[in-house]
Amino acid sequence: MMIPWIALSQKLAGHSSQYVQLKDKFAEFAVHVATQMHHPAFHIKGITVSLHLADCYFTVAFVGRIVRFEYRTEVGESAAFKGLVDCYLLARFPAKDPIKLTGFTFNGGGQTELIEPGTQDSLNIAWDSSAAHIALDVINQALSK
């Protein structure tokens, strides 16, 4: 059954707006990670972040591992979009498929379902300390693969 024109236009315009808002939060996450990891005073040396935000991903390289953080969306229970980040370990040689390490969701404010260890607080990709924590945790997961 087709949706009436006005309702369809409003629905799709809303999805477009939500997508852009979520994509901007993902970009903010990526920039926080890059800014912190590349800062001369950052305590862990040798981390390289490459931004590919026009293609909805960024990579983090550390001790021979490359992790790709990919942005996408899906429609949630309330019919609103939610952001998803899928995290993959990229194999270099021999050529293999990426290995999915983990993933998480976030809302338009950047809040994730990830909980800060030892607290009840959820991590937020729009906060620099949370962004670094999430990225370093994924890198740590990649080291065991």
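As a reminder, the structure under discussion sits directly above these lines.
Small disclaimer: the values here were computed from a predicted structure and weren't measured. (Residues numbered from 1 in each chain as written. Predicted model: local features only at pLDDT ≥ 70, side-chain atom pairs only at ≥ 80, totals over all residues. Heavy atoms only, no water.)

Notes on the overall build of the protein chain
The cut-off we apply is this: Secondary structure counts use DSSP, requiring at least four H or I residues in a row for a helix and at least two E residues in a row for a strand, with both numbered from the N terminus. For every residue, the accessible area (1.4 Å probe, protein chains only) is compared with the maximum for its type, and the residue is labelled buried under 20%, exposed over 50%, or partly exposed between those bounds. In this description, accessible areas are obtained by the Shrake-Rupley approach with a 1.4 Å probe, and a residue is regarded as covered only by the protein chains that are shown. A residue counts as positive if it is Lys or Arg and as negative if it is Asp or Glu; His and the chain ends are not included. A charged residue contributes its charge at one atom only: NZ of Lys, CZ of Arg, CG of Asp or CD of Glu.
Helix and strand counts for the protein chain come out as 2 helices and 7 strands. Principal-axis analysis of the C-alpha atoms gives the protein chain an extent of 55 × 40 × 25 Å. Expressed as a percentage of the 145 residues in the protein chain, the buried residues total 32%. Accessible area for the protein chain stands at about 8600 Å²; split by element, carbon and sulfur atoms hold 57% of it. Counting 12 positive and 13 negative side-chain charges, the protein chain places the averaged centre of each group 8 Å from the other.

Some remarks on helix H2 (residues 128-143)
This is how the line gets drawn: Multiplying 1.5 Å by the helix residue count minus one yields the expected span of that helix.
Taking 1.5 Å as the rise per residue, H2 with 16 residues should run 22 Å; its terminal C-alpha atoms sit 23 Å apart, in good agreement. Ser130, Ala131, Ala132, Ile134, Ala135, Val138, Ile139 and Ala142 are the residues of H2 that are buried.

Some words on the pattern of salt bridges
We apply this condition: A pair is scored as a salt bridge if a Lys or Arg side-chain nitrogen falls within 4 Å of a carboxyl oxygen belonging to Asp or Glu.
Following the criterion strictly, the structure yields 5 salt bridges and no others. Put simply, Lys25 and Glu28 hold a salt bridge, and the shortest N to O gap is 3.3 Å. Highlighted residues: Lys25 and Glu28, both in helix H1 (residues 5-38), separated by 3 residues, approximately one helical turn. Taking the relative accessible area as the measure of exposure, Lys25 reaches 18% and is therefore buried.

Let's talk about the packing of aromatic side chains
Think of a pair of aromatic rings as described by two things: how far the centres are apart, and how the planes are tilted against each other in angle. Filter applied, for reference: Only centres within 6.5 Å qualify two rings of Phe, Tyr or Trp (six-membered ring in Trp) as a pair; their planes then separate them into stacked at under 30 degrees, edge-to-face at over 60, and tilted for everything else.
Enumeration over the complete set of coordinates arrives at 9 aromatic pairs. A ring pair is formed by Phe26 and Phe58, whose centres lie 5.6 Å apart and whose planes are at 45°; its orientation type is tilted. Residue Phe26 is located in helix H1, and its partner Phe58 is located in strand E2 (residues 57-62); the two are separated by 32 residues in the primary sequence. Classification of Phe26 by relative accessible area gives buried; the value is 2%.

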